[in-house]
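Structural overview for review
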Amino acid sequence: MILGIDTSLGTAVAAIARDGEVLADEQSANPLGHAEVIGDLLRRASSAVAPTHVAVGMGPGPFTGLRVGIATARVYALGRGVPVVPVPSHDGVALGVQLADALTGTETGRFAVVTDARRREFAFSVYDGLDDDGLPVRLSDAALSPRDDLDARLDEIGARRYDATSVSAAMIALVAARALDADRTLTGAEPLYLRSPDVVAAHAPKRVS
């Protein structure tokens, strides 16, 4: 069983069986207040399961929100003695889009997952189809674009735009399950912030002679 956690947009926690059956799915759409709600969502989602892995969305997303989800996933996994599986958050959105289209017989084609990066910018990743492991084929890693420039950039590469307002923790867990089955690593252990945090360390105090 895999526990999925994502705080790149709202806050979401889900538990799935290795075959993809969703056992629990808890979420809060509030883009703020991650620390205030994640404990309760985690308790409810994990109350009836014993996870063998914890999948966590690594962004892109705001610094504070991502830090809450990733820290929670790591601490929970440490307490359970199970590994953490990092997943790009946009991969979870992409798989959800592709599975939904497959159910309706819709041809997905090339598309871009787009999320609000604030500061008048969007974060986007481009996808086209599923590979032999059932994972979204990512044509470009997450990048930032000024809001006014994004549509033109997507037109140049022939990608349909998909604006995501939430990330499904169940889809994060399902991406992780497929990656584990294929013995693949989708991203590293560092969060995908895409830009530096607003707060920086203070300079060292000046020497007094």
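Structure: above.
Residues numbered from 1 in each chain as written. Predicted model: local features only at pLDDT ≥ 70, side-chain atom pairs only at ≥ 80, totals over all residues. Heavy atoms only, no water.

Here we look at the overall build of the protein
Note the threshold: Helix and strand assignments follow DSSP, with helices taken as H or I runs no shorter than four residues and strands as E runs no shorter than two, numbered in order from the N terminus. Radius of gyration means the value over C-alpha atoms here, while the globule rule gives 2.2 Å times the residue count to the 0.38 power. Residue exposure (1.4 Å probe, protein chains only): buried if accessible area is under 20% of the type maximum, exposed if over 50%, otherwise partly exposed. Contact criterion: two residues are considered in contact whenever any of their non-hydrogen atoms come within 4.5 Å of each other. Methods summary: accessible areas were calculated by the Shrake-Rupley approach with a probe of 1.4 Å, and residue burial reflects only the protein chains presented.
Tallying secondary structure elements over the protein gives 5 helices and 9 strands in all. Ordered by position from the N terminus, the helices and strands of the protein form the series β-β-β-α-β-α-β-α-β-β-β-α-β-α. What you see for the protein is a C-alpha radius of gyration of 18 Å, in line with the 17 Å of a compact globule of 209 residues. Among the 209 residues that make up the protein, the fraction classed as buried is 45%. When contacts within the protein are restricted to residue pairs at least 6 apart in sequence, long-range pairs at least 24 apart make up 67% of them. Accessible surface, the protein: about 10800 Å² in total, of which carbon and sulfur atoms supply 52%.

With respect to the layout of surface pockets
Short version of the rule: A cavity, in this analysis, means grid points on a 1 Å lattice covering only the protein atoms where a 1.4 Å probe fits yet has no way out; a pocket is instead an open set bounded by protein on both sides within 12 Å along at least five of seven lines, and a residue lines either one if it has an atom within 4 Å of a point. Grid points are joined across faces, edges and corners, and a volume is the space filled by probe spheres set on the points. Each residue receives one of three labels: charged for Asp, Glu, Lys and Arg, nonpolar for Ala, Val, Leu, Ile, Met, Phe, Trp, Tyr, Cys and Pro, and polar for the others, Gly being one of them.
In this structure, the second largest pocket encloses a volume near 220 Å³. Forming the walls of the second largest pocket are 16 residues, and the residues nearest its centre are Leu9, Thr115, Asp116, Ala164 and Thr165. Sorting elements by how many residues they give to the lining of the second largest pocket places strand E6 (residues 111–118) first, with 4 residues. Of the residues contributing to the lining of the second largest pocket, the split by class is 7 nonpolar, 6 polar and 3 charged.

Focus on the nonpolar core
Selection rule: By nonpolar core we mean a set of buried residues, namely Ala, Val, Leu, Ile, Met, Phe, Trp, Tyr and Cys, connected to one another through side-chain atoms within 4.5 Å.
Counting 29 residues, the largest nonpolar core has Ile2, Ile16, Val87, Val93, Phe111, Val113 and Val175 as the members making the most contacts within it. When residues of this core are traced back to their parent elements, those giving at least two are strand E2 (11–16), strand E5 (84–87), helix H3 (89–104), E6 and helix H5 (169–181). Counting residues per element, this core draws most heavily on H5, at 10 residues. In this structure, valine 113 is in contact with His90, Val93, Ala94, Ala123, Phe124, Ser125, Tyr127, Tyr162 and Ala164, ignoring residues within four places of it in sequence. Among the nonpolar cores identified, the runner-up in size contains 20 residues, and Leu66, Ile70, Ala73 and Val82 belong to it.

Some words on the packing of H3 against H5
Test applied: Axis definition: a line fitted to C-alpha atoms, limited for helices to the stretch in contact. Angles are taken between N-to-C directions and run from 0 to 180 degrees. Orientation labels follow simple angle bins: below 35 degrees gives roughly parallel, above 145 gives roughly antiparallel, 65 to 115 gives roughly perpendicular, and whatever is left gives oblique.
Interaxial distance between H3 and H5 falls to 8 Å at its minimum, and their mutual angle equals 95°. Taken together, H3 and H5 sit at an angle that is classed as roughly perpendicular. Contacts between H3 and H5 involve Ser89, Asp91, Gly92, Leu95, Gly96 and Leu99 from the former and Met171, Ile172, Leu174, Val175 and Arg178 from the latter. Of the residues in the contact of H3 with H5, the class split is 6 nonpolar, 3 polar and 2 charged.

Let's talk about helix H2 (residues 63–80)
Worth spelling out the cut-off: Expected span of a helix, by definition, is 1.5 Å for each gap between consecutive residues, and there is one gap fewer than residues.
Here H2 spans 26 Å end to end across 18 residues, near enough to the 26 Å set by a 1.5 Å rise per residue. Residues of H2 that are buried include every one of Gly65, Leu66, Val68, Gly69, Ile70, Thr72, Ala73, Tyr76 and Ala77, and no others. Glycine 81 sits one or two residues past H2 and shows a positive phi near 70°.

Observations regarding the sheet that holds E5
Applied cut-off: DSSP calls a pair of strands paired once it identifies at least 2 bridges connecting them.
As summarised here, the arrangement of the 5 strands in space is E3-E2-E1-E4-E5, forming an open sheet in which the pairing is mixed. In the strand order of this sheet, the two ends are held by strand E3 (22–28) and E5, each with one partner. Each strand of the sheet is rotated relative to its neighbour by a mean of 15°, with strand direction disregarded. Sitting on the sheet, H2 touches strand E1 (2–6), strand E4 (53–57) and E5, and the angle it makes with E4 is about 170°. With respect to the sheet, H5 is in contact with E1, E2, E3, E4 and E5, its orientation differing from that of E1 by roughly 130°.

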